[in-house]
Structure formats: structure tokens, C-alpha cells
Amino acid sequence: MLLEARHLHIGYGDAPAVWDVSLEVGAGEIVSVIGPNGAGKTTLINAIAGLLRFRQGELRFDGADMARVKPHDYCAHGIALVPEGRRLFVKMSVEENLELGCYLPAARAAHDQSLERVYGLFPILRDKRFQLAGELSGGQQQMVAIGRALMATPRIVLFDEPSLGLAPTIVDDMFEIIAKVRDDGAAVLLVEQNVVKAMGVADRAYVLEQGRIVAAGLPGDLLKQPHIREAYLGV
Amino acid sequence: MPSATLLGQALISGVLAGGMYGLLALGLSLSWGLLRLVNLSYFALAFLAAYLTYELGTTYHVEPWWSAVLIVPSMVAIGVVQYWVFDKFKVNELASLLITFSFAVILEVVIQLYWTADYRRFETHYSTLSIKAGPFYIPVLELVLCLVAGALAWGTWLWLRKTYVGKALRASAEDADIAAAYGVDHKKLAYLLSGISAGYAGVAGTFIALIATLAPAQIWAWLGVVFAVVIIGRLGNPLGALFAGMAIGASESLAMAVMSPAWAPVVSFSVLIVILLWDPDWL
């Protein structure tokens, strides 16, 4: 497995937000984690991205013990995050945001190809490349956030609520892009409230509720479970 | 109403004096804007550098330019050590203001103990040199100061705009966690910037030694106006700091020529208040 989390406990202060979570992502896989607001999805993905330290458990990426890795070295291992709410550098231009994605020397060497790839995926960004990221629409900002992650030439891309606050047509585009990211060779871990879309694109899925994994399996099987149908699809 | 020549001369002198404001503002602007550390000790470090230049010049007859070669790197080292302290004690923005203010007061006392509270003047043969351009006189030292300040501000601006390290510093100032997620080691860059900022105080000190009369209490003479310059020029923007410094210098000088010298501080702070209330896009 490319990414292996074993019995992770993660929390802020004294209150753990995520308990005993284990999950795996294989190379070339799209794995979705669905769950309601406040279930701990962002906490989990931030810990996997290195933004947040886990208190217990084990996180391995391609065999490396990530507990020993400094937060700013997670990227060098091939982990790139598309964070919730985009978190762009809004006072910097679109192209500067993208270039930050390839800050590390290995990714920097591929700067030209990566930039062409991102502009190929999102042609509108080429036109807006000198504009401040903060001046773009929500959908365009999401494109920059995804582009920034791709500039890192990652082996796994972590998507945190990529559809949040976007118009429905743009949401469809985003999920197409997510599938394309996987087809281009990176694994994907996706955290989403949009269950239908997240299940549609995923190879496997986990259900996170109140900080614990309550179900795991193939999307088709999960969607047949009465609890999940009732809680997430309202049927 | 004063004559056009007098106004022109006031404008030139003002812009040149503003170069000093800009130079002193550089380090504060960078440290405040990009590291969120309001480092008041740069005023004291500049004066320490000035006194050292004076000492080396008067006692050992070292040319100020050679003194700078020694002093500026020492200031860089002090800046690096300062960041080590900030990092070790997890100093935040407000605490940094208080701590560096305290450090500056301590430095002031140290300077006073060694050099006494007497006024000191480092006389060099450059201090009276000036170029005559038409009806105007341009003092050479102040012109060199402005050129050096301009080169440093421009170079720093380019560095922040064009290099990966510069972009990483700006990104880190906006969102340190996300910058770290893309590999930016903020601490390493912060040491570098902290050293550079203190180094600029050292450069300012060399010129203070040549241009100003030194007294320990003079450390605080520029505090108010440089604060205004840093804010008007936008935090973290070295070119902004330089232009704001020159604009404030020019308006002070014109106010002195048209009204009276007492009006100079009124001008800089009125400009600051108006700009803060106006809150234009570029701020």
C-alpha cells in the first residue's frame, strides 16, 4: 500500500477529534472518506498532510514512518494537499501560487512541464496567471488549489471538500479532474460531504462518523447499506 | 511664500532625508510584514552601528566604508541570534514589540555607559561635499545614502518577487501551514530574513554616523516617522518603504519651508491618519 494509517488518534488540545482510524490508499486508487460535518474528516486529512501531528498510531507513506518526518518534509515524500477552503496565497498571483507548489528542488526541475500540464487542465488559469489569486471566482480558486498540488508532482493528492461552495456544473468538472489526476498516475484520497459524487468517483470508501470509521468497502456495497442510504442519501 | 528655488531645494533635501527614513524602515517593514515580528531594536542597532563606526573612525582612523564591512555582518549575526530567541520563546507579534523595545532601551543604556550622553560628531571630509545642479545643492553623502537605500530596496523587492525563497517568504507570511505543506521551512527562511533586516540597520548606522550628530537618546528620534513610513509603504514591501520614506521626507521639508520647522511631525502623522482612514486598495 502507498499510504497506510494504523489506529490514528488525532486531536486538538486535550480533546481527540479522531479515534483509532485505520485506512489505506493504494497506488493508482481513488479512496473517498465521507461523513457529516464535524465528523473529523478535515482533522484526518490534515494529519495525513503533516499539518497536524497525530498523538497515537502509525502513519506510513511508501514504507516511511511519517511520525519522524517534519511537517515541511511531507511534500518531499510525495504528499500534496488541496485544502478545505482552497487556502490560496491571495496576495500573490495565480502563477506564483502554482510556483509555490513546485518549491522543492525535485518538483522545481519539472516546473515547465508541470505548468504546461496545469494550464492544459485549466486553460482559464493561463489567461489569469498574473492576476491575484484572491480576485478569482470560487471555481477558479479551486483550480489554482488543485494546480498548486499538481505542481508538486505528487504521488498522492489529498482533496479536502473540493466541491464546497462551488456551482453544480463546476462540481462536475472538479470530479472529472480528480479522476484525471488518478489516471495521470497519482493516488487520491478524497474527503467529501457530497456523497453521491464522492462515491461515484471512488474505487473504495470509508465512512467517518464522530471521529471513528464506521464502515468501509466498495462504494456500491456501502451505498446498499440501509444506514448509509438513510443518513447520506435521505432514502 | 518662499521662492521657487527655495521650494526646490526643500524638495531635494526632503527627498534625500527621506532616504534615511526609507533605509531605517526597510528592516522593520520586512520583519513586521513577513515574520510578524515588530522589531524596534533596529533603531538601537542602527545607533550601535553608528557609534561603532564613529569609534573606529575617530580612534583607529578606519574609513567608514571599511568599518561597514565589519559592522554590517555583526548586525546580521545579532539579527540571527534575535530570531533564535523569538523562536525559542515562541514570541508573538505584540510580545515582539515589547521585547525588542526593552532590548533597545538596554542598548541605549549600554551606549550611554560607554560613549556617555554627550553629543558626538564624526567629522569626515565627505560631510561637506555637495554637487551643484543649477541653482540647487545636492549633498553627496545623502545622495549616496539614497542610492544605497534604493539599491537595497530594489534588490530586496526583486528577491521577494522573483526568487523561490522570496515567494516562499511571502507565502509563509500569508499561510505558514500551507506553505509548509509545500515544503517551505519557515524557520530557516526566518533566520535569513531576520539577519538581513538587522544588517540593513547596520547599513543605516553607517550613514547615521556620517550624517547625524550622535547621542544615545537620538535612537528614538526617528521612531515615530519610520513607523508611519513602514505602514504607509505597506508592511513587507521594501520599495513601498523607500518611496513612503521619500514622500514623507519631502512633505516634511516642504512644510518646514512653507510654514515652520515645528510642523514637520504634524505632516507625517497627518498623512498616516489620512491614509489609514482612506484605506486605499494599495494599502
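Above this text is the structure in question.
These remarks concern the structure in this document. (Residues numbered from 1 in each chain as written. Chains lettered and ligands numbered in written order. Predicted model: local features only at pLDDT ≥ 70, side-chain atom pairs only at ≥ 80, totals over all residues. Heavy atoms only, no water.)

**A word on the overall build of chain A**
Broken down by element type, chain A carries ten helices and ten strands. Taken over C-alpha atoms, the radius of gyration comes to 17 Å for chain A, in line with the 18 Å a tight globule of 235 residues would show. With the C-alpha coordinates of chain A rotated into their principal frame, the extents come out at 50 × 40 × 30 Å. Here the analysis covers contacts within chain A between residues at least 6 apart in sequence; of these, 67% occur between residues at least 24 apart. Here chain A has roughly 9,700 Å² of accessible surface; of this, 51% comes from carbon and sulfur atoms. (Helix = DSSP H or I, 4+ residues; strand = E, 2+ residues; numbered from the N terminus. Rg over C-alpha atoms; globule rule 2.2 N^0.38 Å. Contact = heavy atoms within 4.5 Å. Areas by Shrake-Rupley, 256 points an atom, 1.4 Å probe, with all protein chains shown as cover.)

**Quick word on the interface of chain A and chain B**
Taken together, the contact pairs 27 residues of chain A with 19 residues of chain B. For the pair chain A and chain B, the summed buried surface comes to about 2,100 Å²; carbon and sulfur atoms form 60% of the total. The three residues of chain A that bury the most area against chain B are A:His72, A:Phe89 and A:Tyr103, which together make up 31% of that side's buried surface. Two residues, A:Arg87 and B:Asp175, come together in a salt bridge whose shortest N-O distance is 2.8 Å. On inspection of chain A and its partner chain B, the count reaches seven residue pairs in polar contact (both at pLDDT 80 or more). Sorting elements by how many residues they give to the side of chain A that touches chain B places helix H2 (residues 94–101) of chain A first, with four residues. Here the residues of the side of chain A that touches chain B sort into 18 nonpolar, three polar and six charged. (Buried area = accessible area lost by both parts, 1.4 Å probe. Salt bridge = Lys/Arg side-chain N within 4 Å of Asp/Glu carboxyl O. Polar contact = N/O pair within 3.5 Å; in protein donor to acceptor, adjacent residues only side chain to side chain. Nonpolar A, V, L, I, M, F, W, Y, C, P; charged D, E, K, R; others polar.)

**Focus: the packing of helix H2 (residues 41–59) of chain B against helix H4 (residues 93–115) of chain B**
All names here are of chain B. Contact pair H2 / H4: the axes reach a minimum separation of 8 Å and the direction vectors enclose 20°. When the interaxial angle is binned, H2 and H4 end up roughly parallel. Note that H2 runs across H4; the crossing there is left-handed. Only Thr100, Phe103, Ala104, Leu107, Ile111, Tyr114 and Trp115 of H4 make contact with H2, whose side of the interface consists of Ser41, Ala44, Leu45, Phe47, Leu48, Tyr51, Leu52, Tyr54 and Glu55. In terms of residue class, the contact of H2 with H4 is made up of 13 nonpolar, two polar and one charged. (Axes fitted to C-alpha atoms, helices over the stretch in contact; angles between N-to-C directions. Parallel < 35°, antiparallel > 145°, perpendicular 65-115°, else oblique. Left-handed = near helix turned anticlockwise from the far one by under 90°.)

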